[in-house]
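Here is what each chain is made of, one letter per residue.
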Amino acid sequence: MATKSTISFTFFSLVMLALANGSNTGKIAIYWGQNGNEGTLAEACATGNYEYVIIAFLPTFGDGQTPMINLAGHCDPYSDGCTGITSDIKSCQAKGIKVLLSIGGGAGSYSIASIQDASSVATYLWNNFLGGQSSSRPLGPAVLDGIDFDIEGGSNQHCGDLARYLKGYNGKKVYITAAPQCPFPDAWIGNALTTGLFDYVWVQFYNNPPCQYNPGEISNFEDAWKQWISAIPANKIFLGLPASPEAAGSGFIPAADLTSTVLPAIKGSAKYGGVMLWSRYDDAQSGYSSSIKSHV
């Protein structure tokens, strides 16, 4: 018969093993904000499918421009109409979901002209979306958890400086994330990603045929994944995918292929963080996150 101490040790070991296994199961990040028909932010968080929700976008900033958010059909920022989202943000955070603001995007007017400009943009973001103070916070008083860099134009300079300034503020931790394209290194934010300042990097493995997964041919995808996890000093690397065939020009992976072929090929990495999906509208239509949730 086992002694009490042996039983306790065995139970402790099983608990630690379960925690270790759970920590490697991966999480889902979703972009919200670019389709007025996708439902509210609170509704997205209420699904229970996401651990990170990224509000998209702040497409105008830097080089002396007045920063301006664009949340498509959700609200009008010019009349302070987006401040009501603050209650949704708090609702998400109460569920343990991290809510970030994505700066940049595929269409916008943004560029960081200098180190001083990076400092100015960081000050604006801190005071208007993070832990600072401002009388004109576009999303209201809720304090976001971090800033996502979806830099697809403008300049490939000084994003690292902006990340460094954002990390330098005292108080609540500021998560810094990025969404580069899978061709390595990313043309716009590749240099910044080598700084080690980024917590999570959700690599866009879509609209990029040379490095995305193609049915029946996984070697190019695997090679690209290995390059990202070995070369970028982020805490976790996520697999970025479209949430439906209509969400991108190419790169959608059916749930069956994702869970049977793709995830088993990459989940063994300690840097594997989970899956990022574009976007909430497409996911609401397809139910993709629900299909893969138990496997991710």
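It should be emphasised that the depicted structure is a prediction, and the values quoted were computed from it without experimental measurement.

What counts as what
- Residues numbered from 1 in each chain as written.
- Predicted model: local features only at pLDDT ≥ 70, side-chain atom pairs only at ≥ 80, totals over all residues.
- Heavy atoms only, no water.
- Salt bridge = Lys/Arg side-chain N within 4 Å of Asp/Glu carboxyl O.
- Helix = DSSP H or I, 4+ residues; strand = E, 2+ residues; numbered from the N terminus.
- Buried < 20%, exposed > 50% of the residue type's maximum accessible area, 1.4 Å probe, protein only.
- Pairing = 2+ DSSP bridges.
- Right-handed = clockwise from strand over helix to strand, strands pointing away.
- Axes fitted to C-alpha atoms, helices over the stretch in contact; angles between N-to-C directions.
- Parallel < 35°, antiparallel > 145°, perpendicular 65-115°, else oblique.
- Left-handed = near helix turned anticlockwise from the far one by under 90°.
- Contact = heavy atoms within 4.5 Å.
- Nonpolar A, V, L, I, M, F, W, Y, C, P; charged D, E, K, R; others polar.
- Arc of directions from axis to C-beta.
- Core = buried A, V, L, I, M, F, W, Y, C linked by side-chain atoms within 4.5 Å.
- Polar contact = N/O pair within 3.5 Å; in protein donor to acceptor, adjacent residues only side chain to side chain.
- Phe/Tyr/Trp six-rings, centres within 6.5 Å; stacked < 30°, edge-to-face > 60°.
- UniProt positions renumbered as here; feature names shortened; annotations may be inferred.

**Thoughts on the pattern of salt bridges**
Any two side chains of opposite charge can pair, so long as their charged atoms come close to each other.
Link 1 in the chain: Counted according to the given criterion, the structure contains five salt bridges.
Link 2 in the chain: For Glu51, the salt bridge identified is with Lys293, shortest N-O distance 2.8 Å. Separated by 242 residues along the polypeptide, Glu51 in the loop between α2 (41-46) and β2 (52-58) and Lys293 in the segment after α10 (288-292) bring together distant segments of the chain.
Link 3 in the chain: The exposure class assigned to Glu51 is partly exposed, which follows from its relative accessible area of 23%.
Link 4 in the chain: Taking relative accessible area as the criterion, Lys293 reaches 26% and is therefore assigned partly exposed.
Link 5 in the chain: One connected set of salt bridges, linked through shared partners, spans Lys167, Lys173 and Asp199.

**Thoughts on the pairing of strand β1 (residues 27-32)**
Link 1 in the chain: Burial of β1 is extensive: five of the six residues sit out of reach of the surface.
Link 2 in the chain: Where β1 meets strand β10 (residues 272-278), four bridges bridge the pair, whose relative direction is parallel. Residue pairing in the sheet places Lys27 in a bridge with Gly274 of β10.
Link 3 in the chain: The pairing of β1 with β2 spans four bridges and is parallel. For Tyr31, the partnering residue across the bridge sits in β2 and is Ile54.
Link 4 in the chain: Crossover β1 to β2 through α2 is right-handed.

**Some remarks on the packing of helix α4 (residues 115-129) against helix α5 (residues 159-167)**
Link 1 in the chain: Orientation of α4 relative to α5, taken along the N-to-C sense of each, is 45°, at an axis distance of 8 Å. It follows from the interaxial angle that α4 and α5 lie oblique. Handedness of the crossing formed by α4 with α5: right-handed. Taking contact as the criterion, the partners of Ile115, Ala118, Ser119, Val121, Ala122 and Leu125 in α4 are, on α5, Asp161, Leu162, Tyr165 and Leu166.
Link 2 in the chain: Residues belonging to the contact of α4 with α5 are distributed by class as follows: eight nonpolar, one polar and one charged.

**Digging into helix α3 (residues 86-94)**
Link 1 in the chain: Among the residues making up α3, those that are buried are Thr86, Asp88, Ile89 and Cys92. Seen from one end, α3 has its buried residues packed into an arc of 160°, which puts them on one side.
Link 2 in the chain: Note on α3: the residue one or two positions beyond its end, Gly96, has a positive phi of about 85°.

**With respect to the nonpolar core**
Link 1 in the chain: Within the largest apolar cluster, 77 residues are counted, with the highest numbers of intra-cluster contacts made by Leu125 and Phe149.
Link 2 in the chain: For this core, the element with the most residues is α4, which contributes seven residues.
Link 3 in the chain: Phe149 has contacts with Ile103, Cys159, Leu162, Ala163, Leu166, Ile176, Thr177, Ala178, Ala179, Ile189 and Phe198, leaving out every residue within four places of it along the chain.
Link 4 in the chain: Counting 15 residues, the second largest nonpolar core, distinct from the first, contains Ala29, Tyr200, Trp202 and Phe238.

**Brief notes about the environment of Asp117**
Link 1 in the chain: Residue position: Asp117 is located in helix α4.
Link 2 in the chain: Relative accessible area serves as the criterion here: at 11%, Asp117 is assigned to the buried category.
Link 3 in the chain: Separated by 2.7 Å, the side chain of Asp117 and the backbone nitrogen of Asp63 make a polar contact.

**Some thoughts on the packing of aromatic side chains**
Link 1 in the chain: Applying the stated rule across the entire model yields 20 aromatic pairs.
Link 2 in the chain: Summarising the aromatic geometry, the rings of Tyr52 and Trp202 are spaced 5.8 Å apart at their centres and angled 55° between planes, so their arrangement reads as tilted. Here Tyr52 is found in strand β2, whereas its partner Trp202 is found in strand β8 (residues 200-204), with 150 residues between them in sequence. The same class applies to Tyr52 as to Trp202, namely buried.
Link 3 in the chain: Ring centres 6.3 Å apart and planes at 55° place the aromatic pair Trp225 and Tyr272 in the tilted group. Highlighted residues: Trp225 in helix α7 (residues 219-231) and Tyr272 in strand β10, separated in sequence by 47 residues.
Link 4 in the chain: Residue classification places Trp225 among the buried residues on the basis of a relative accessible area of 2%.
Link 5 in the chain: For Tyr272, a relative accessible area of 3% translates into the label buried.

**Concerning the UniProt feature "domain: GH18" (unreviewed entry) in the protein chain**
Link 1 in the chain: Mapped onto this numbering, the UniProt entry gives "domain: GH18" (unreviewed entry) at residues 26-296.
Link 2 in the chain: Split by type, residues 26-296 is 30% helix and 20% strand. Its first and last C-alpha atoms lie 5 Å apart.

**A short note on the sheet that holds strand β9 (residues 236-242)**
Link 1 in the chain: The parallel closed barrel is built from eight strands, whose spatial order is β1-β2-β4-β6-β7-β8-β9-β10. Each neighbouring strand pair of the sheet contributes to a mean axis angle of 25°, computed without reference to strand direction.
Link 2 in the chain: Contacts from α5 reach β4 (98-105), β6 (146-151) and β7 (175-178) within the one sheet, and its direction differs from that of β6 by about 175°.

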